[in-house]
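Chain residues, written in single-letter form:
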Amino acid sequence: MKGDNMKKNRDLLIFVFAAIVSIAGITGQTFAGGDKMIRIATVPAGAEVAGIAVNQVGELFFNAQHPGGKGEVKGDGPTALIGYIEGMDIRTYDGKNVQIPEEGSRSQVHVASGEYVILGKSGQKLGDGTKLGAVYDSKGELMFISNDVDYNAFVPLSSSEAILYTAFEGATRKGVAGISRLRLERDKGRWSSNFAKSGMLDLRSIGGGWILCYGEISPWGTPVFAEEYYFYNTLLWNHPDLHDADENPTFMKGNDMVFHMPKMMNRYLGHVSNPYRYGQIIEMNYPASDNPELVRHFVMGRLSHENATFMPDGKTVYMSDDDTVKYTNAKWNTNSGGVFFKFVADHKADLSSGTLYAAKAKQDSGTDPKTTGFDISWIELAHSSNEQIVKWISEYDGIGPKDYVEGQSSFVSDADVNNWAEGKLGKDLNSDGSIGTYPDNRPAFLESRKAAAALGATYEWNKLEGVTNTNGTVYVAISEITESMVKDWGHVNWASGQKDTADQGDIALDKEACGAVYRGTMSNDFNLTRLEPAVVGRTTDGKKRCDDLGIAHPDNILGLSNGSLIIAEDAGKSAHPVDMLWLIK
C-alpha cells in the first residue's frame with residue numbers, strides 16, 4: 001500500500017469510474033442487432049484505428065496507429081496520433097457517415113461531426129525529458145520511438161483536468177512496449193495536453209512490457225492493459241539465432257525464426273529476460289496519483305492478450321487471444337490459432353487469485369459466417385494465485401542463449417504440457433502406452449494456450465481480437481474468418497503442427513476475409529454459453545476487398561450503455577481505402 005492518501009485516491013476513483021463504466025457498457029442494455037451502421041471516422045492511409053475509449057460526457061478518444069504502415073518514427077516520416085472528437089457525443093450521435101476521403105486527402109483524420117483534436121504525436125518532447133512513445137535502454141539511451149500507439153485510459157481528476165494513459169505496442173519487430181501519461185487540461189470545452197507535466201512511465205518495475213495492446217477500465221476504476229505476447233514456442237526465447245548480430249527474419253533471408261526480437265527486452269532491462277514474465281493482464285492501481293502502481297496478474301494466463309472485459313459481478317473476466325496459424329513455422333510450430341479464455345476471481349474486485357477456463361466450441365450445422373453460431377462450454381484449466389505462479393516463474397530467471405541445447409527446452413516443454421494434461425484427464429493423449437503426470441499446475445498459467453489445446457479446448461480462432469460487453473453481454477471480434485476457421489483447412493496438432501485435412505476440427509466455416517463480430521448468450525451468472533454472428537463483413541472481389549459500407553477486419557471494439565457498439569478497423573489498403581471507425585446502433 002502507498003498510504004492513506006493513496007487509499008483515498010483509489011476510493012474516489014471507484015466512485016468516479018462507476019459513472020464512466022456505465023457509459024462504456026458495464027451497466028448498459030444488450031445490443032439488439034445491426035439496425036444502423038454509421039461511419040464515424042477515417043484515419044490516414046496506412047494507419048490502423050486503435051485505442052477507442054469514451055469518457056463520462058460521451059467524448060470519443062481514438063488513435064491513428066502506424067500511419068503509412070510505419071511502426072517506428074524515423075526522420076521526417078509520419079507519426080502516430082493520439083486524439084479525440086470535440087463536439088460529438090457518441091452516445092447520442094445519429095447523423096450521417098463521414099465520407100471516404102479522396103486519395104489526395106488521406107493524410108489526416110476525418111470525422112462525421114465535430115473536430116478531431118490531436119492531443120499528441122509520437123516523438124513530441126515531454127516534461128520528464130523523454131519523448132512520446134520513446135523507449136530507452138537500461139543505460140538511458142534511446143532505443144526507438146514507437147508509432148504503434150494503442151489503448152487509451154481516460155482518468156478524470158476534475159471537470160477540467162484528466163490524465164490520459166496510452167499504451168505503445170513497441171515498434172514493428174521491436175516488441176518492448178511503453179505507456180505514456182499525458183496531463184490533459186480543459187479550457188472552453190476543449191481538451192489539450194500539458195506536455196510539461198507529461199511523461200513516459202518506466203515499466204522496469206514489472207520487468208518491462210511486451211506489445212501492450214488494448215485494454216479496459218475495471219468496474220473498480222483501474223486501467224487494465226492487455227499484453228499481446230505474439231506467441232512463440234517458448235523454447236525459442238533463448239535460441240542463439242535470436243540474440244546474435246543478424247536481426248533479419250527468415251522471410252528476409254535472416255536467421256530469426258520468429259517475428260519479434262527477445263534480445264530487445266534484454267537490452268531494455270540490462271540483463272537476460274524471462275519469457276514467462278510477459279503475456280499477462282496488467283492492472284494499474286492508483287491511476288490518479290503521480291506514481292501509479294502496475295501489477296501483473298499471472299493467474300489470468302499467459303497468451304496473446306488482445307483485451308479483457310469485466311462482467312458486472314466484479315469477478316468474471318473474458319479474454320481474447322490474438323494469433324493466427326498464417327505465420328506458423330514448419331519446423332518450430334511457433335503459432336497456432338487463438339483460444340477464448342475466461343477467468344473467475346475468488347473475490348470481487350481482486351484479480352490476484354482465481355480459476356482459469358478455456359472455451360470449447362460446437363458449431364451449428366451450417367457453414368455461412370452470416371448465420372452460423374457456436375454453442376460454448378468451458379474447460380477448467382486450474383486454480384491458483386499470483387503469489388504461487390510468480391514462484392514458478394522465478395525458477396526460469398537468468399536463462400539465456402548459453403543455456404540453449406538443440407532439441408531440448410529450457411522452459412516448460414510440450415512433453416511437460418502433454419503429461420500435465422494426461423494426468424488431469426486420466427488419458428493417454430499421445431498414444432505412447434502410458435498416462436503422464438506433472439507435479440504442479442504451472443503449464444496452465446505459463447503455457448496457457450498449449451494447456452488449453454491439450455485439454456481439448458478450441459484453438460482454431462483466427463485473429464481473435466477485441467472483446468467487450470454491454471450489461472454483461474459479451475461481444476468478440478474476429479479480424480478475418482480465414483485459415484484455421486475455414487472448412488477446407490483441416491485440423492493441426494497443437495504440438496507437432498501436423499495437419500489432418502480429413503478432420504475439420506471445431507470450426508469449419510466458409511471464408512469471409514473481412515471478419516465478423518460475435519454476440520454472446522449469457523446465463524444469470526455471466527457464463528457465456530453461445531456465440532452468434534452480430535455484424536459480418538462482406539468480401540466484394542472474392543479475395544481481400546471489403547464492402548466500403550461495412551466493416552473490414554474488426555479489431556478494438558467497445559460497447560456503450562445504450563446498446564450501441566463501436567468497431568475499429570485494422571484493415572489495410574487491400575481491404576478498405578483507409579481504415580474506418582464504425583458506430584453500430
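What comes next is a walk through the structure. What you are looking at is a predicted structure, and each value in this text was computed from that prediction instead of being measured.

1. Structural notes on the overall build of the protein
Link 1 in the chain: Counting its secondary structure elements, the protein contains six helices and 30 strands.
Link 2 in the chain: In terms of overall size, the protein behaves like a compact globule, its C-alpha atoms giving a radius of gyration of 22 Å where 585 residues would be expected to give roughly 25 Å.
Link 3 in the chain: Taking the principal axes of its C-alpha atoms as reference, the protein extends roughly 75 × 55 × 50 Å.
Link 4 in the chain: Counting all 585 residues of the protein, 61% fall into the buried class.
Link 5 in the chain: Residue pairs at least 24 apart in sequence account for 66% of intrachain contacts in the protein once pairs closer than 6 positions are excluded.
Link 6 in the chain: Distance from the positive charge centre (57 side chains) to the negative charge centre (76 side chains) of the protein: 4 Å.

2. With respect to the side chain of His-576
Link 1 in the chain: As for its placement among the helices and strands, His-576 is situated in the loop between β29 (565–569) and β30 (580–584).
Link 2 in the chain: Looking at His-576, its side chain comes within polar contact range of the main-chain oxygen of Asp-547, at 2.8 Å.
Link 3 in the chain: With sequence-adjacent residues up to four places away left out, His-576 is seen in contact with Arg-545, Cys-546, Asp-547, Asp-548, Gly-550, Ile-551, Ala-552, Glu-569 and Ala-571.

3. Looking at the pattern of salt bridges
Link 1 in the chain: Under the definition given, this model contains 32 salt bridges.
Link 2 in the chain: For Arg-190, the salt bridge is made with Glu-115, and the minimal N-O distance between the two is 3.0 Å. Of the two residues, Arg-190 is situated in strand β12 (residues 190–200) and Glu-115 in strand β6 (residues 115–121); the sequence distance between them amounts to 75 residues.
Link 3 in the chain: Here Arg-190 falls in the partly exposed class, since its relative accessible area comes to 33%.
Link 4 in the chain: For Glu-115, a relative accessible area of 37% gives the class partly exposed.
Link 5 in the chain: A cluster of three or more residues bridged by salt bridges with shared partners is formed by Asp-364, Asp-375, Arg-530 and Glu-532.

4. Some points on the state of the cysteines
Link 1 in the chain: With the rule as written, the count across this model stands at one disulfide.
Link 2 in the chain: Here Cys-514 is linked by a disulfide to Cys-546, with a sulfur-sulfur distance of 2.0 Å. Measuring handedness by torsion sign, the sulfur bridge of Cys-514 and Cys-546 sits at about -105 degrees and is left-handed. Residue Cys-514 is found in the loop between β25 (499–500) and β26 (516–522), and its partner Cys-546 is found in the loop between β27 (528–536) and β28 (554–559); the two are separated by 32 residues along the sequence. Judged on exposure class, the residue Cys-514 and its partner Cys-546 are both buried.
Link 3 in the chain: Looking at Cys-213, it has no disulfide partner, and the nearest cysteine sulfur is the one in Cys-546, 20 Å off.
Link 4 in the chain: Residue Cys-213 is classed as buried on the basis of its relative accessible area, which comes to 2%.

5. So, the sheet that holds strand β10 (residues 161–168)
Link 1 in the chain: Taken in spatial order, the four strands of this open sheet run β9-β10-β11-β12, and their pairing is antiparallel. One side of each edge strand has no neighbouring strand; the edge strands of this open sheet are β9 (149–156) and β12. Direction aside, the axes of adjacent strands within the sheet are offset by 30 degrees on average.

6. Examining the environment of Leu-269
Link 1 in the chain: The residue Leu-269 is located in helix α2 (residues 263–269) in this model.
Link 2 in the chain: When its relative accessible area of 13% is taken as the criterion, Leu-269 is described as buried.
Link 3 in the chain: Ignoring sequence-local partners within four residues, the contact set of Leu-269 consists of Ser-138, Arg-204, Gly-207, Gly-208 and Tyr-278.

7. Description of the pairing of strand β14 (residues 223–227)
Link 1 in the chain: Burial within β14 is extensive, with five of its five residues counted as buried.
Link 2 in the chain: Burial along β14 is two-sided: Pro-223, Phe-225 and Glu-227 facing one way and Val-224 and Ala-226 facing the other are all buried.
Link 3 in the chain: Note that strand β13 (residues 212–217) and β14 share four bridges and pair antiparallel. If you follow Gly-215 over to β14, its bridge partner there is Phe-225.
Link 4 in the chain: In this antiparallel pair of consecutive strands, β13 and β14, the connection spans five residues, and Gly-221 shows a positive phi of 95 degrees.
Link 5 in the chain: Note that β14 and strand β15 (residues 281–285) share three bridges and pair antiparallel. Across the sheet, the residue bridging to Ala-226 is Ile-281, located in β15.

8. Here we look at the packing of aromatic side chains
Link 1 in the chain: Enumeration according to the criterion identifies 19 aromatic pairs in this entry.
Link 2 in the chain: An angle of 85 degrees between the planes, with centres 5.8 Å apart, marks the rings of Tyr-151 and Tyr-214 as edge-to-face. A residue pair is termed long-range when its members are at least 10 positions apart, and Tyr-151 in strand β9 and Tyr-214 in strand β13 qualify at 63 residues.
Link 3 in the chain: Residue Tyr-151 is classed as buried on the basis of its relative accessible area, which comes to 2%.
Link 4 in the chain: Positioned over the ring face of Trp-489 is Lys-499, at 3.5 Å from the centre of the ring.

How each quantity is defined
Residues numbered from 1 in each chain as written. Predicted model: local features only at pLDDT ≥ 70, side-chain atom pairs only at ≥ 80, totals over all residues. Heavy atoms only, no water. Helix = DSSP H or I, 4+ residues; strand = E, 2+ residues; numbered from the N terminus. Rg over C-alpha atoms; globule rule 2.2 N^0.38 Å. Buried < 20%, exposed > 50% of the residue type's maximum accessible area, 1.4 Å probe, protein only. Contact = heavy atoms within 4.5 Å. Lys, Arg positive; Asp, Glu negative; His and termini not counted. Charge placed at Lys NZ, Arg CZ, Asp CG, Glu CD. Polar contact = N/O pair within 3.5 Å; in protein donor to acceptor, adjacent residues only side chain to side chain. Salt bridge = Lys/Arg side-chain N within 4 Å of Asp/Glu carboxyl O. Disulfide = S-S within 2.5 Å. Pairing = 2+ DSSP bridges. Axes fitted to C-alpha atoms, helices over the stretch in contact; angles between N-to-C directions. Phe/Tyr/Trp six-rings, centres within 6.5 Å; stacked < 30°, edge-to-face > 60°. Lys NZ or Arg CZ within 6 Å of the ring centre and 35° of its normal.

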